[in-house]
Amino acid sequence: MYLNCHTYYSLRYGTFPIRELCELAYSNDIWQFAITDINNTSACLEFLRLTNGTKIKPVLGIDFRNAAEQQYIGLAKNNAGFLQLNDHLSNHLHKKKDFETVAPQLPDCFIIYPFGKVVEQKRKNFRSNEYIGVSKEEIGKLRFSEYRNLKDKLVILQTVSFRNKKDFNAHRLLRAIDNNLLLSKLPESEQGKASHKMYPRQEMEAAFEDFPHILENTQQIMDACKVHYDFGKGQNRNLKIYRNTIEEDADMIRRLTYEKLPEKYPEANREVYTRVEKELESIIRLEFVSYFLINLGIVDYARSQNYPFVGRGSGANSIVAYILGITNVDPIELDLYFERFINPNRKSPPDFDLDFSWKDRNDITDYIFRTYKNTALMGTYVTFKQRAVARELGKVFGLPKENIDKLASGFYSYDNLDHLEKLVIRYSKLIEGFPNYLSVHSGGILILDDSVHNYAATFLPPKGFRTMQIDMNIAEEVGIHKFDILAQRGLSKITDTIEIVKQNQPDAKLEDIENIKAFKEDPAINELLTTGDCMGVFYVESPAMRGLLTKLQTRDYLNLVAASSVIRPGISSAGMKDEFILRHRFPEKRKEAHPVMYEIMPDTYGVMVYQEDVMKVAYHFAGLSLDDADVLRRGMSGKKTSRGQMEKIENTFRENCNNKGYEPKLIDEVWEQISSFAGYAFPKGHSASYAVESYQSLYLKKYFPLEFMVAAINNGGGFYDLQTYIQEIRRWGGTIHAPCINKSDHPNVIYGKNVYLGFGYIKELEVKTIQQILENRQFFGEFRSLDDFIDRIQISIEQLSLLLKINAFRFTGIDKHELLWKAYFKLDRNKPKTNQPLLFKPKHKDFELPEFEASKMIEAYDQMELLGFPLCSHFELLKDPLKQNVVTASQLKDHIGKNIEIYGNLVNSKKTGTSNGKYMYFGTFYDPEGVIFDVVLFPSVAEKYPIRTKGIYLCYGEVVSNLGYISISIKTLTRQATQTDPRLLGNNFKPSLR
């Protein structure tokens, strides 16, 4: 009866999710209806899954519209029809073109044109599968229309977009947001009608009682539609055959594994061969061969292009993956749990998360699309967040900016709001969680056996790779499993460092970056871990990680692997992080572990640290089957499980533990640990992969620190801001220079120990200006003077003044203010613009100018304006001189338990809530010598001294040592004033730069 129902996947139009539409139908005695979202098929598979096994018969279709104007409805008769609808929609979305008023030939679909459109266009001829849709409110018009005689072509087309007035109001607000209009300016053509709702069956039948043939035609169409997919039955719709046959693929993976085995295991023992054969048997039997070979093809292509990569995920537990070169983690060395990777009852393939440099991932993606036919990116939905909606609704209602800011901040009393402000808050809570727009999954790529349009339509995001209109949750339910092709900046830091070293130190001896064994055994590298000196190093540079490494006194690879997972929030919240640290540092504490737990996890002293530990404990401690243990791990990790499955497994877990004679307190404790940490812990192989990359970065930082830090900031830095990494360059003996016309490039460059900031840091300096400077310098050599620059570069006075203010012409030896005056005189704004080199250089006039007095303070303020920070020490800018009787960060170890004062430049701070509703701060600073130190502000202090802005602070507090990790428990915090820009204070002010 209802052939045109919208969910909130009719983006910025619909007002409720699929389940609530089903509930609405149930309440109105409707058992057959179609979901036809506007230019979107995101809801279709979920609709089939939700109604599977219920009385509701689902019909799938699309409401084809140009903006808000409905053209026609398409309904799929069968799976082939669903494919045709998705093909048709995708073609228009890809080309961003409007739909024609008449649908193309779609033989396995029904096409329904709205009555109003048909009348307007005076349509006469209809194909056999085309119909005219009449709504409840159009019955009166039909009685007096010539189309009333086309009895076999008339069906009900009652649009359902709302349940009630509140939904309709929300819809109008969404339409206003979508059109960026005040609600009062929203035209009726851009919104639905209040009558677009679901009426009870009896009411609809009564409305059409004079047109029984319309009811019959509608029922016949619905009865003729059936799209079917199997869900949750171990379906695998990924590409199943890599070459020609399944048998050929099996022979290929077996041959490649044994050919490459001696490279990784020159002296392979029985354990290696047994593990290899066990894995190969499972991979072949479970039909995961093509999944392995596709991933192998991807990494082989990356190697052919010299692209660095890291293979991780549950696949890192696989010895076959290690031998083939998909991963670089040895599962024998690390005792990686086979069943975390594959167990005999696993339905979905294991996860290979392949990390590539952010510079290379697009080409990897392009390779996949070139190589495989049925390929698409996985979609994902960005949802409305309440505060963001409040801001948008504030604009829609025309509220003043200050009112909007108040509502968006969340700091207000609802009772003190006026009527419009309360409406904003009320509807922002309603709209919160609605899908806002379709985006691209962070790394998911689909490689299927058949057309991706069998499952959903696709759209083209800016990078040009077609992307499906479904997310990973429903995709996995129908048997579509993604390949994870991810991007990170840590890898490009490594490759860029190597290139920079070759340029800056051509005679330097570089170790093979894949020689991880040598890095693991280097005491100098491990010393960086022990002391937490890891600024810029992948995954281990954050304050929390530096503190953990220090507390653990991390000195080897295996300990770093553990630390990579121990830092995760679930382990901390369960109290297992502290327990692991204590048992690691103090061996006598290990006796406190339960004997069974210690026997299961001896390498982590009986403490659950990795995701696999959930399986180990469930299997060995509680006696669950490996299949149930893996389901438990997946469920605890937030993966979908069958309804009631987790409750059943918990009951079995507790029952088995009782039968084994464990104390109820111990059973509760172990279950709580599993529950609290499994969703956040890493698989051991994943942590090991991260640790390998960390060691590569640590090697470069130890032996080539300046080149490494230049590569780090050229790749966007990391956890900290640019100024912090610049300070780190100084700490390692480098000198930072402002951009220079003859030395700088677009990124940062290094000559010996001199680092020149790139032109790209100068605010408002245009890319075309930078390109012109670099190209001209490459072809014609360095610039000899300002006159030479003006002759060779076509540049506006505005762009040139930026270069002069940052003192990029300091090689001339002339004060930049004098050069700026000369530039205004010399640069003829009216001369014709041409990129052609001049045949004869014009003669330049010189001008008599007063002598300018250089000021380091003015230089610092110009740098702050153009770069965002000064290149001198921030401590030199202070208004008042530094106190003399203060300690430095390197002296803190000599003042443990004492109250001290120390100056610090704030690097970053983290505000965190406490169990009693208060909050505290963790802060990181560096002192005048550039050495990092950490502070903590407990709630009573945090309330008095909140850390809100960056700057120099005088910190007073007690020096505390926690297992060798030194921090300061703050008692008072005083922000220090800086000198004012002297140009704002008149001619008599003489600035000082300490």
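Data block above holds the structure.
Residues numbered from 1 in each chain as written. Predicted model: local features only at pLDDT ≥ 70, side-chain atom pairs only at ≥ 80, totals over all residues. Heavy atoms only, no water.

S.K.: Before we move on, can you summarise the pairing of strand S6 (residues 130-134) with the specific residues and values?
M.R.: Where burial is concerned, most of S6 is hidden: five out of the five residues are buried. Alternating positions in S6 separate into two faces, Glu130, Ile132 and Val134 on one and Tyr131 and Gly133 on the other, with burial throughout. Bridge analysis of strand S5 (residues 109-114) against S6 gives four bridges, and the strand direction is parallel. Bridge assignment links Pro114 to a residue of S6, and that residue is Gly133. On the question of chirality, the crossover connecting S5 to the parallel S6 by way of helix H4 (residues 115-121) is right-handed. (Buried < 20%, exposed > 50% of the residue type's maximum accessible area, 1.4 Å probe, protein only. Helix = DSSP H or I, 4+ residues; strand = E, 2+ residues; numbered from the N terminus. Pairing = 2+ DSSP bridges. Right-handed = clockwise from strand over helix to strand, strands pointing away.)

S.K.: Describe in detail the packing of aromatic side chains, supporting the description with residues and values.
M.R.: With the rule as written, the count across this model stands at 43 aromatic pairs. Their ring planes at 10° and their centres at 6.5 Å tell us that Tyr258 and Tyr273 sit as a pair that is stacked. Of this pair, Tyr258 sits in helix H9 (residues 246-264) while Tyr273 sits in helix H10 (residues 270-285), placing them 15 residues apart in sequence. Taken together through their ring pairs, the aromatic side chains of Phe64, Tyr72, Phe99, Tyr113 and Phe126 make up a single cluster. Against the face of Tyr557 rests Lys520, its NZ or CZ located 3.8 Å from the ring centre. Over the aromatic face of Tyr919 sits the side chain of Lys911, whose NZ or CZ is 4.3 Å from the ring centroid. (Phe/Tyr/Trp six-rings, centres within 6.5 Å; stacked < 30°, edge-to-face > 60°. Lys NZ or Arg CZ within 6 Å of the ring centre and 35° of its normal.)

S.K.: Tell me about the sheet that holds strand S18 (residues 754-756), and name the residues and values.
M.R.: As summarised here, the arrangement of the three strands in space is S16-S18-S17, forming an open sheet in which the pairing is mixed. Only two strands of the sheet have a single neighbouring strand rather than two, namely strand S16 (735-737) and strand S17 (749-751). Taking the axes of each pair of neighbouring strands and ignoring which way they run, one obtains an average angle of 25° across the sheet. Relative to S18, S17 runs antiparallel, the two being bridged by three bridges. Across the sheet, residue Val749 finds its bridge partner in S18, namely Tyr756. (Axes fitted to C-alpha atoms, helices over the stretch in contact; angles between N-to-C directions.)

S.K.: Can you break down the nonpolar core residue by residue, with the values?
M.R.: Grouped together as the largest cluster of nonpolar side chains are 122 residues, with contacts concentrated most on Phe789, Leu800, Leu803 and Phe809. Sorting elements by how many residues they give to this core places helix H31 (residues 684-703) first, with seven residues. With residues up to four places along the chain from it excluded, the contact list for Leu800 reads Leu786, Phe789, Ile790, Ile795, Phe809, Ala823 and Leu827. Of all hydrophobic cores here, the second largest spans 107 residues; its members include Ile30, Ile62, Met198 and Ile404. (Core = buried A, V, L, I, M, F, W, Y, C linked by side-chain atoms within 4.5 Å. Contact = heavy atoms within 4.5 Å.)

Purely geometric stuff here, so don't read any function into it on its own.
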